[in-house]
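Coordinate inspection notes
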Amino acid sequence: RWPAAPKALAPPRGDGPHNRGVEVSLLGLCLAGPTASGKSGLTLRLAEALRDVGGGEIVSVDSAQVYRGMDIGTAKPDRATRERVRHHLLDIVDPTEPYSAARFAADANAAIGAIRARGRVPIVAGGTMLYFKALIEGLSDLPGADPSIRAAIDREAAERGWPALHAELARV
């Protein structure tokens, strides 16, 4: 069996809205790299090779694969592959929903904890380096998005047009 995770690889920074409920522990096996570098095939082989210690499950670190319906161009594993080895953080939000690095860190830590609770090895793999950074180091304590400011910008864009707002931003 894979041992329980020691705590605190790197503690989250601050106690703000981006770090609440996120407890960082040793991740398991991590594989990071660019697109088309062979990560998917290697993680499948690793997960299957770990059967003697309970097997592995893959936690995707990919900013496009979290979205439902975005299967073309994302190299998302097909159904047969997902049945062969359990994958996490695929198809979890609609493309119209916001998804942040902070939410990824919370979701990934929950998946890693559940995998460990089953006595299996988490294999954390992907190419979205900001997500790895959020998971390993935590994020700076920043305020959340303000919907009223976003609505005001949308109203101004409707009146003046996006090119005018872009030109104003370029002047700043």
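Every value quoted in this text rests on a predicted model; they were computed, and no experiment measured them.

Here we look at the environment of Leu-139
Looking at where Leu-139 falls in the secondary structure, it is placed in the loop between helix H4 (129–137) and helix H5 (147–160). We classify Leu-139 as buried; its relative accessible area is 16%. Taking the C-alpha atoms as reference points, Leu-139 and Ala-102, 37 residues apart in sequence, are found 7.1 Å from one another.

Some points on unusual backbone geometry
Look at Ala-36: it is not a glycine, yet its phi comes out positive at around 65 degrees. By the element assignment, Ala-36 lies in the loop between strand E1 (29–32) and helix H1 (39–49). Residue class for Ala-36 comes out exposed when judged on its relative accessible area of 79%.

Topic: the packing of aromatic side chains
Per the stated rule, a full pass over the model turns up two aromatic pairs. Here Phe-104 and Tyr-131 contribute two aromatic rings whose centre-to-centre distance is 4.5 Å and whose plane-to-plane angle is 15 degrees, an arrangement assigned as stacked. Here Tyr-131 lies in helix H4 and Phe-104 lies in helix H3 (residues 101–117), a separation of 27 residues in the sequence. In this structure, Phe-104 and Tyr-131 share a single accessibility class: buried. A connected cluster of aromatic rings, assembled from ring pairs, spans Tyr-99, Phe-104 and Tyr-131.

Calculation rules
Residue indices follow the written sequence of each chain, beginning from 1 at its first position. With the structure being a predicted model, the display of local features is reserved for residues of pLDDT at least 70 and the display and counting of side-chain atom pairs for 80 or more, all residues being used for whole-chain, interface and lining totals. Hydrogen atoms and water are omitted, and side-chain values are computed over all heavy atoms in the structure. Strands here mean DSSP runs of E at least two residues long; helices mean DSSP runs of H or I at least four residues long; both are numbered from the N terminus. Note on classification: 1.4 Å probe, protein chains only; a residue is buried when its accessible area is under 20% of the maximum for its type, exposed when over 50%, partly exposed between these limits. Centre distance within 6.5 Å is the pairing criterion for rings of Phe, Tyr and Trp, where only the six-membered ring of Trp is used; planes under 30 degrees apart are then read as stacked, over 60 as edge-to-face, and the remainder as tilted.

In short, shape yes, function no, at least from these values alone.
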